[in-house]
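Descriptive analysis of the structure
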Amino acid sequence: MKFLPNSVKSLLIAFLLGVSIDSGAALVQRDLATPGDGLITYDSGTELSWLDLTATVGQGYNEVAGGFGGFTTALGFRYATAVEVGRLFSDAGVAQGGWVWGYWNFGNPGYVANSTLVSLLGATHPFDGLSTYAMGLTGSNTFGTLGFHDVAAVGYNNHADYVALLAATSTDDSQGTFDAGSFLVKETVAVPEPETYAMLLAGLGLLGFREWSRKQQA
């Protein structure tokens, strides 16, 4: 690659190593173990992969941290902090806060963002005639009680009200909650789309040809 400018070389090396050059954030559903299981939500903004909350529903912090399902051991997941959950909410277009009245308008952006994120993460509290939630334990302890961790929640109801709280409550580490899982994440190297590879390689080819032509004319 002697004929390529240094800046182009750096771009190519970064790209081939899987470094994301896209500053926009998008949430994409992926599979974990079997095709179609949809147990992963990948956030391109943070390059974090989030495990579906329903995979750990009903399990306490100690059980999950200790290796329940192999998620924090064999599969390399860890508990997400409240800050990381907040960034996930933000990248999903979810505004943090309490109930916001939606006037029965299911086109409300808050309702749409919340319902979409709940669908991606898995509803740990399915529709009970009024509300639907995706709730999970985090690795943070906002309330400061020894042996407890926060429960974050995102949800909506049939009035198109919506809510997203990073510390809705806290739960004893030794006890599971029937309608809450765990917010587990792991770092993921971004994998560029095939179309992006083609565009970059085509661009590099043109740049290389221009540099080669310039040297031939020199």
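First, a word on what this report is: a plain description of the structure on this page.

With that settled, the discussion passes to the environment of Leu 75. In this structure, Leu 75 sits in the loop between helix H2 (61-65) and strand E4 (78-79). Sequence separation between Leu 75 and Leu 32 is 43 residues, and the spatial gap between their C-alpha atoms is 9.6 Å. If we ignore the near neighbours within four places in the chain, the residues touching Leu 75 are Leu 32, Gly 69, Gly 70 and Lys 186.

A few words now on the pattern of salt bridges. Under the counting rule described, the total for this entry stands at three salt bridges. For the salt bridge of Glu 84 with Arg 78, the shortest nitrogen-to-oxygen distance reads 2.8 Å. The exposure class of Glu 84 is buried, given its relative accessible area of 19%. The residue Asp 91 makes a salt bridge to Arg 87 at a minimum N-O spacing of 2.8 Å. Residue Asp 91 and its partner Arg 87 are located together in helix H3 (residues 82-91), separated by four residues, close to a single helical turn. A relative accessible area of 18% means that Asp 91 is categorised as buried. Judged by its relative accessible area of 37%, Arg 87 falls in the partly exposed class. One network of salt bridges, in which partners are shared, links Arg 78, Glu 84 and Glu 187.

Conventions used here
Residues numbered from 1 in each chain as written. Predicted model: local features only at pLDDT ≥ 70, side-chain atom pairs only at ≥ 80, totals over all residues. Heavy atoms only, no water. Helix = DSSP H or I, 4+ residues; strand = E, 2+ residues; numbered from the N terminus. Contact = heavy atoms within 4.5 Å. Salt bridge = Lys/Arg side-chain N within 4 Å of Asp/Glu carboxyl O. Buried < 20%, exposed > 50% of the residue type's maximum accessible area, 1.4 Å probe, protein only.

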